[in-house]
Amino acid sequence: MSVPKYEVKDISLAPYGREKIEWAYRNMPVLRAIEAELIEEQPFAGLKISVSVHVEAKTACLARALARGGADVALTGCNPLSTQDDVAAALAESGMHVYTVHGDNEEEYIKHLKMALDFGPDIVIDDGGDFCMLLHSDMKHLVPGLMGGCEETTTGVKRLEILKKEGKLSYPVIAVNDARCKHLFDNRFGTGQSVWTAIMATTNLIVAGKTVVVAGFGMCGKGVAMRAKGLGAKVIVTEIDPVKACEAIMEGYQVMTMDEAAPLGDVFVTVTGCKDVIVGRHYDMMKDGAICCNAGHFDCEVNIKELASMSVAQRELRHNVMGYELKNGRTICILAEGRLVNLASGDGHPVEIMDMSFALQAQSARYIAAHGKELAIDVYQTPEVIDNRVAEILLRTKGIDIDVLTPEQELYLNSWDF
Ligand SMILES: NC(=O)c1ccc[n+]([C@@H]2O[C@H](COP(=O)([O-])OP(=O)(O)OC[C@H]3O[C@@H](n4cnc5c(N)ncnc54)[C@H](O)[C@@H]3O)[C@@H](O)[C@H]2O)c1
């Protein structure tokens, strides 16, 4: 299929996008250091890389670093509401293949993913596994040309692990999400901060004194709960994993079921990677004005279809705040259509967080470019050397030294007979 060079909302938005990209770039020292090497060594020369990641300024810096390293890059989104049209325009104007429009419906969203794949990539970078899903269904014919891929988030890695378990995985992938410099920072501190930035900006309400219910106490949920507590909220955690539930108790949170939490919460944040975490019976128990939002990858955690079917009226109460009036006279507020709130109703993670995540992505893509043809089909951890390098560069940019093991200490740590 012949595809146009770009499909974006409005190319004249490019100057605004360029400004956003330059602001992000000046605050991404780790990615800049990696980019300098890519420019020098051109490891992607002659390669095509397709990227499906939230199209906003930090992602633009990643895509540009890959292009500056010699790649021909095609970019699309990984969520229809997180695309920033001005950033997409700036990249398209710079000559990159860009296929995404903010607010794409399901059909257009898939069409744009397919356009970015029809480009014929050697390497794919996924966030949530939508490329991977297409490459294992409608677009299988592209797999023989693929060297490998990288996956950015927990939900995508889970999809890969299932494919592997079922013996269906068809190309090697690096689970960038599982690198220490990714999930320890991005999922916890990034989601922790950006979810509250988005909720506060979207609602203009105070968090202090409210009861916040966080569903899921994984890497992201820990961050969301920690920041809610710091802002003065009373925090309730819901979980399905008994160990995580105990961890939440030790952190000082109340732990209960969603059925018990539903009547108590003022703000609900789901971040489980699961579906139907908040459903009809929960809405019926909630207070008037209860706010529900989702920070997990897909928009199936807060069941909005059910809410819509049981509501007597729906009205946008404020930009990105949809009010659903129930028969009991109460109104439930859904932020950003239940899509991941920090990206659909905000700018996503802080720049410094994505600096680390995307420095990992750029290096992992480089690893695939260097080794892809030799790699067996599997899900790989990010090589430790890549993970450590990101932290080392970050410390260097902050002028911070850390201790180094003496030979005696090294021997001691590697001995059993001391
Ligand atoms: N919003 C963002 O910017 C952002 C960033 C990173 C990851 N994510 C996404 O957030 C989701 C969670 O990621 P994570 O890294 O925290 O995953 P994780 O696996 O570390 O944590 C998920 C937690 O949810 C719990 N859980 C699962 N089903 C549940 C249910 N029905 N009710 C209550 N708890 C349940 C699990 O036991 C687990 O503790 C994923 O979809 C991931 O892709 C979002």
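Residues numbered from 1 in each chain as written. Predicted model: local features only at pLDDT ≥ 70, side-chain atom pairs only at ≥ 80, totals over all residues. Heavy atoms only, no water.

## Overview of the overall build of the protein chain
- Looking only at helices and strands, the protein chain features 17 helices and 16 strands.
- For the protein chain, whose C-alpha radius of gyration is 22 Å, the value lies close to the compact-globule estimate of 22 Å for 418 residues.
- Principal-axis analysis of the C-alpha atoms gives the protein chain an extent of 65 × 65 × 45 Å.
- When the 418 residues of the protein chain are sorted by exposure, 54% land in the buried category.
- Put simply, 71% of the contacts in the protein chain that link residues at least 6 apart link residues at least 24 apart.
- For the protein chain, the computed accessible surface area is about 18600 Å², with 54% contributed by carbon and sulfur atoms.
- The distance from the centre of the 41 positive side-chain charges to the centre of the 58 negative ones in the protein chain is 3 Å. (Helix = DSSP H or I, 4+ residues; strand = E, 2+ residues; numbered from the N terminus. Rg over C-alpha atoms; globule rule 2.2 N^0.38 Å. Buried < 20%, exposed > 50% of the residue type's maximum accessible area, 1.4 Å probe, protein only. Contact = heavy atoms within 4.5 Å. Areas by Shrake-Rupley, 256 points an atom, 1.4 Å probe, with all protein chains shown as cover. Lys, Arg positive; Asp, Glu negative; His and termini not counted. Charge placed at Lys NZ, Arg CZ, Asp CG, Glu CD.)

## Remarks on the sheet that holds strand β1 (residues 6–7)
- Strand order in the open sheet formed by eight strands is β1-β4-β3-β2-β5-β6-β7-β16, and the pairing between neighbours is parallel. Of all strands in the sheet, those bounded by a partner on one side alone are β1 and β16 (379–381).
- Where helix α15 (residues 351–371) meets the sheet, it contacts β5 (123–126), β6 (148–151) and β7 (173–175), and its direction lies at approximately 165 degrees from that of β6. (Pairing = 2+ DSSP bridges. Axes fitted to C-alpha atoms, helices over the stretch in contact; angles between N-to-C directions.)

## Description of the layout of surface pockets
- Estimated volume of the second largest pocket: approximately 360 Å³.
- Along the walls of the second largest pocket sit 18 residues, with Cys181, Phe185, Met356, Ala391 and Leu394 positioned nearest its centre.
- Secondary-structure elements contributing two or more residues to the lining of the second largest pocket are α8 (180–203), α15 and α16 (384–397).
- At six residues, the largest contribution of residues to the lining of the second largest pocket is made by α16.
- A per-class count over the lining of the second largest pocket returns ten nonpolar, two polar and six charged. (1 Å grid on protein atoms, 1.4 Å probe; cavity = no way out; pocket = protein on both sides within 12 Å on 5 of 7 lines; lining within 4 Å. Points joined across faces, edges and corners; volume = space filled by probe spheres on them. Nonpolar A, V, L, I, M, F, W, Y, C, P; charged D, E, K, R; others polar.)

## Remarks on the packing of aromatic side chains
- Across all of its chains, the model carries three aromatic pairs by this definition.
- One Lys or Arg, Arg32, reaches over the ring of Tyr25 and ends 5.9 Å from the middle of that ring.
- The ring centre of Phe119 lies 5.1 Å from the NZ or CZ of Lys48, which sits over that ring. (Phe/Tyr/Trp six-rings, centres within 6.5 Å; stacked < 30°, edge-to-face > 60°. Lys NZ or Arg CZ within 6 Å of the ring centre and 35° of its normal.)

## Structural notes on the site of the ligand
- Taken together, 29 residues lie around the ligand, and Thr153, Thr154, Thr155, Glu239 and Ala295 are the ones closest in.
- Within the side chain of Lys244, an N or O atom sits 3.0 Å from an oxygen atom of the ligand.
- Relative to its unbound accessible area of 860 Å², the ligand is 89% covered by the protein chains.
- Of all elements in the fold, only α7 (154–165), α8, α9 (219–230) and α14 (341–344) reach the threshold of two or more residues within the shell around the ligand.
- Two domains each donate at least three residues to the shell around the ligand, and these are domain 1 (6–182 + 349–397) and domain 2 (189–344). (Near = heavy atom within 4 Å. Polar contact = N/O pair within 3.5 Å; in protein donor to acceptor, adjacent residues only side chain to side chain. Domains from an automatic or database assignment.)

## Concerning a nonpolar patch on the surface
- A cluster of nonpolar side chains, namely Leu405, Tyr412, Leu413 and Phe418, defines an oily patch on the protein surface of about 480 Å² accessible area.
- Along the polypeptide, Phe418 turns up in the segment after α17 (407–413).
- The class for Phe418 is exposed, based on a relative accessible area of 65%. (Patch = residues over 30% accessible without salt bridge, like charges linked within 9 Å, V, L, I, M, F, W, Y side chains within 5 Å. Salt bridge = Lys/Arg side-chain N within 4 Å of Asp/Glu carboxyl O.)

## Considering the domain arrangement of the protein chain
- Looking at the protein chain, the domain boundaries give domain 1 (6–182 + 349–397) and domain 2 (189–344).
- The interface of domain 1 with domain 2 comprises 16 residues on the first partner and 15 residues on the second.
- For the pairing of domain 1 and domain 2, the buried interface totals around 1200 Å² over both sides, and the portion due to carbon and sulfur atoms is 63%.
- It is Leu81, Thr155 and His349 in domain 1 that bury the most area against domain 2; as a group they hold 41% of the surface buried on that side.
- Applying the counting criterion to the domain 1 and domain 2 interface returns three residue pairs in polar contact (both at pLDDT 80 or more).
- Class assignment for the residues of the side of domain 1 that touches domain 2 results in five nonpolar, seven polar and four charged. (Buried area = accessible area lost by both parts, 1.4 Å probe.)

## Some details on the pairing of strand β11 (residues 267–270)
- Both faces of β11 are covered, namely the face carrying Val267 and Val269 and the face carrying Phe268 and Thr270.
- Where strand β8 (residues 211–215) lies against β11, four bridges are found, and the strand directions are parallel. Pairing of Val213 across the sheet is with Phe268, part of β11.
- Looking at chain direction, β11 and strand β12 (residues 291–294) are connected through four bridges and run parallel. Counted as the bridge partner of Val267 is Ile291 from β12.

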